[in-house]
Amino acid sequence: SQKIEQNSEALNIQEGKTATLTCNYTNYSPAYLQWYRQDPGRGPVFLLLIRENEKEKRKERLKVTFDTTLKQSLFHITASQPADSATYLCALDKANAGKSTFGDGTTLTVKP
Amino acid sequence: DAGVTQSPTHLIKTRGQQVTLRCSPKSGHDTVSWYQQALGQGPQFIFQYYEEEERQRGNFPDRFSGHQFPNYSSELNVNALLLGDSALYLCASSLRGVHYGYTFGSGTRLTVV
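Residues numbered from 1 in each chain as written. Chains lettered and ligands numbered in written order. Predicted model: local features only at pLDDT ≥ 70, side-chain atom pairs only at ≥ 80, totals over all residues. Heavy atoms only, no water.

Caption draft 1: View of the layout of surface pockets. Of the volumes computed, that of the largest pocket is approximately 430 Å³. What lines the largest pocket is a set of 18 residues, among which Gln2, Ser100, Thr101 and Phe102 of chain A together with Gln44 of chain B lie closest to the centre. For the lining of the largest pocket, the elements supplying multiple residues, two or more each, are strand 1 (3-6) and strand 10 (101-102) of chain A together with strand 5 (44-50) of chain B. Top contributing element to the lining of the largest pocket by residue count: strand 1 of chain A, with three residues. For the lining of the largest pocket, the per-class residue count stands at seven nonpolar, seven polar and four charged. (1 Å grid on protein atoms, 1.4 Å probe; cavity = no way out; pocket = protein on both sides within 12 Å on 5 of 7 lines; lining within 4 Å. Points joined across faces, edges and corners; volume = space filled by probe spheres on them. Helix = DSSP H or I, 4+ residues; strand = E, 2+ residues; numbered from the N terminus. Nonpolar A, V, L, I, M, F, W, Y, C, P; charged D, E, K, R; others polar.)

Caption draft 2: A look at the sheet that holds strand 1 (residues 5-7) of chain B. All names here are of chain B. The sheet built from four strands is open, its strands ordered 1-3-8-7 with antiparallel pairing. Every interior strand has two partners, whereas the edge strands, strand 1 and strand 7 (64-68), have only one. Across this sheet, the average inter-strand angle for adjacent strands is 20°, counted without regard to direction. (Pairing = 2+ DSSP bridges. Axes fitted to C-alpha atoms, helices over the stretch in contact; angles between N-to-C directions.)

Caption draft 3: Quick look at the interface of chain B and chain A. Listed by partner, the interface residues are 20 residues for chain B and 21 residues for chain A. Taken together, the two surfaces of chain B and chain A that pack against each other cover about 1600 Å², and 51% of this comes from carbon and sulfur. Looking only at chain B, the three residues that lose the most surface to chain A are His99, Tyr100 and Tyr102 of chain B, adding up to 34% of its buried area. Across the chain B-chain A interface, the total number found is six residue pairs in polar contact (both at pLDDT 80 or more). Contributions of two or more residues to the side of chain B that touches chain A are made by strand 4 (31-37), strand 5, strand 6 (53-57), strand 9 (87-95) and strand 10 (98-104) of chain B. Looking at the side of chain B that touches chain A, the element that brings in the most residues is strand 10 of chain B, giving five residues. Class assignment for the residues of the side of chain B that touches chain A results in eight nonpolar, eleven polar and one charged. (Contact = heavy atoms within 4.5 Å. Buried area = accessible area lost by both parts, 1.4 Å probe. Polar contact = N/O pair within 3.5 Å; in protein donor to acceptor, adjacent residues only side chain to side chain.)

Caption draft 4: Broad picture of the sheet that holds strand 7 (residues 62-67) of chain A. Residue and element names in this part refer to chain A. Judged by pairing direction, the sheet is antiparallel, and its five strands sit side by side in the order 1-3-8-7-6 without closing on themselves. Each having just a single partner strand, strand 1 and strand 6 (56-59) make up the two edges of the open sheet. Ignoring strand direction, the axes of neighbouring strands in this sheet form an average angle of 15°.

Caption draft 5: Quick peek at the packing of aromatic side chains. Residue and element names in this part refer to chain B. For the coordinates displayed, the defined rule picks out 13 aromatic pairs over all chains. Taking 5.6 Å as the distance between ring centres and 70° as the angle between the ring planes, the aromatic pair formed by tyrosine 35 and phenylalanine 45 counts as edge-to-face. Placement of the pair is tyrosine 35 in strand 4 and phenylalanine 45 in strand 5, with a sequence separation of ten residues. Look at tyrosine 35 and you get buried, because its relative accessible area is 0%. Residue classification places phenylalanine 45 among the buried residues on the basis of a relative accessible area of 7%. (Phe/Tyr/Trp six-rings, centres within 6.5 Å; stacked < 30°, edge-to-face > 60°. Buried < 20%, exposed > 50% of the residue type's maximum accessible area, 1.4 Å probe, protein only.)

Caption draft 6: Focus on the environment of threonine 20 of chain A. Residues and elements named next belong to chain A. Following the sequence through the fold, threonine 20 ends up in strand 3 (residues 19-26). Sequence separation between threonine 20 and leucine 74 is 54 residues; the distance between their C-alpha atoms is 6.6 Å. In this structure threonine 20 touches Asn7, Leu11, Leu74, Phe75 and His76, once residues within four positions along its chain are discounted. Looking at threonine 20, its side chain comes within polar contact range of the side chain of histidine 76, at 3.0 Å.

So far we have only geometry, and geometry alone does not tell us how the molecule works.
In structure tokens form, the structure reads like this:
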């Protein structure tokens, strides 16, 4: 069956460092991979989307890589700030599927 | 420009009852998807509506049904509520044929007692 695994442990880092979050998947061939941020009691907020034929995408302090051979995506936040503290979700989509399959998320805490 | 609006924000129901949740999509979006998110887990896809029809469905029983109206707004109905239906219900909107992430509402927190 399809399985998506994100960092099993919560991630704690010091302000100014780079946070790296992992999303691994099995039994899946996604056309798109998305990353969302979710704060407690709120809905997910879309951050970045990367397509299967793209290796890397950047947006301000955010960078996403997508390795379809390793079946893995890495999500980096550079120069992290306490305001970056949240749960980060990865989601996979097949082409024209019309639905996303989400991982359970990684909770990031950035300490000042 | 309003994003996705969901109502109510919180709801408490008794086992066996029925509930209706509502969603207004972001302006310019024509597709609405519903997700269920249990505490500590990622959202799980329930179904998607486009042109007033259910287009995709996840692994949820028939107790979960929905509707989309001509103005693209949507309802999620759950019959015969179980304790396990307690969760955050999220509505996400998008524009058909354009895949650049979904816009989610803040959700409806449903508690079944």
